[in-house]
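A closer look at the structure
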Amino acid sequence: MRIVLLGAPGSGKGTQSQWLVGRFHIPQVSTGDLLRAAVAKGTALGVQAREAMDAGRLVADQIVLGMIRERLGEPDIRGGFILDGFPRNLAQARALDQLLAQIGQPLDAVVQLNVDYGELSRRIAGRRTCSDCGRVVNLLTSSPQALERELCPKTGQPHRLFQRPDDNEATVAERLRVYEAQTRPLVDYYRGQGLLRSIDAEGDVTEVSVRLEQALKG
Ligand code: AMP
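As a starting point, this report considers the structure included with it. Because the structure is predicted, anything quoted here is derived from the model rather than measured.

Further remarks concern helix H2 (residues 31-41). Of all the residues in H2, the buried ones are Thr31, Gly32, Leu35 and Ala38. Buried residues along H2 cover an arc of 125° about the axis, so they all sit on one side. Residues Ala40 and Lys41 are exposed on H2 and point more than 90 degrees away from its buried face. Where the residues of H2 are buried, they touch strand S2 (28-30), helix H3 (44-55), helix H4 (61-71) and strand S3 (81-84). Positive phi shows up at Gly42, right after H2, with a value of about 70°.

Written out as structure tokens, the structure reads:
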């Protein structure tokens, strides 16, 4: 199954991708994760990407498309994939169509995760990531006791949680603005291709996963 998850920052693309990985045994391809890894390594590409990321803007298409081309060329992609955070504008969507046509692996579905603006801001404010295993948790929905009990699979200790630098209020406002201006037009683009499914992505995470699975069957 070849899927794109489409949604604003905080709509749950990462969380639901992780669930899909377990359910369908296909890899999650997150351009945000690939870019953060490049930034952490201090590669030339990471240095270039960092400024845009810190400001909440999109990283240049040329950089992102290069990374995606490389990732989608890897062998584990042959059984399908989940694209999380890509494409983010029309130029990327068209480039993806071309790339997938070349490798004979067109998309099966694009699922739009719908979450109200106020809820997005609230979720992002509570979002934390484990610096060792990369697990993403939310302080608003997980109790502190549950978080302390859950051990990091990498260290065997409680997760070491940090807040993403671009999850601060000013950058989040810019990321939401960029989503509206550049990414939302993809809804019509994929509707035109007959690939779009839309789900209500508010409420309990497990219930959203159930809706997602139903949308993929439909
Ligand atoms: P995310 O983890 O998907 O929220 O992405 C974090 C940041 O990485 C975004 O705010 C952008 O600066 C950058 N980014 C991620 N994916 C893309 C993409 N497909 N195109 C351009 N920039 C991206």
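Moving on to the sheet that holds strand S1 (residues 2-6). Pairing in this open sheet of 5 strands is parallel, and the strands run S2-S3-S1-S4-S8 from one edge to the other. The open sheet has two edge strands with one neighbour each: S2 and strand S8 (196-200). Taken over all neighbouring pairs, the strand axes of this sheet differ in orientation by 25° on average, direction set aside. As paired elements, S2 and S3 share 3 bridges and run parallel to each other. Opposite Val29, over in S3, you have Leu83 as the bridge partner. Helix-sheet contacts for H2 involve S2 and S3, and the interaxial angle to S2 is about 60°.

How each quantity is defined
- Residues numbered from 1 in each chain as written.
- Predicted model: local features only at pLDDT ≥ 70, side-chain atom pairs only at ≥ 80, totals over all residues.
- Heavy atoms only, no water.
- Buried < 20%, exposed > 50% of the residue type's maximum accessible area, 1.4 Å probe, protein only.
- Helix = DSSP H or I, 4+ residues; strand = E, 2+ residues; numbered from the N terminus.
- Arc of directions from axis to C-beta.
- Contact = heavy atoms within 4.5 Å.
- Pairing = 2+ DSSP bridges.
- Axes fitted to C-alpha atoms, helices over the stretch in contact; angles between N-to-C directions.

These figures capture arrangement, not role.
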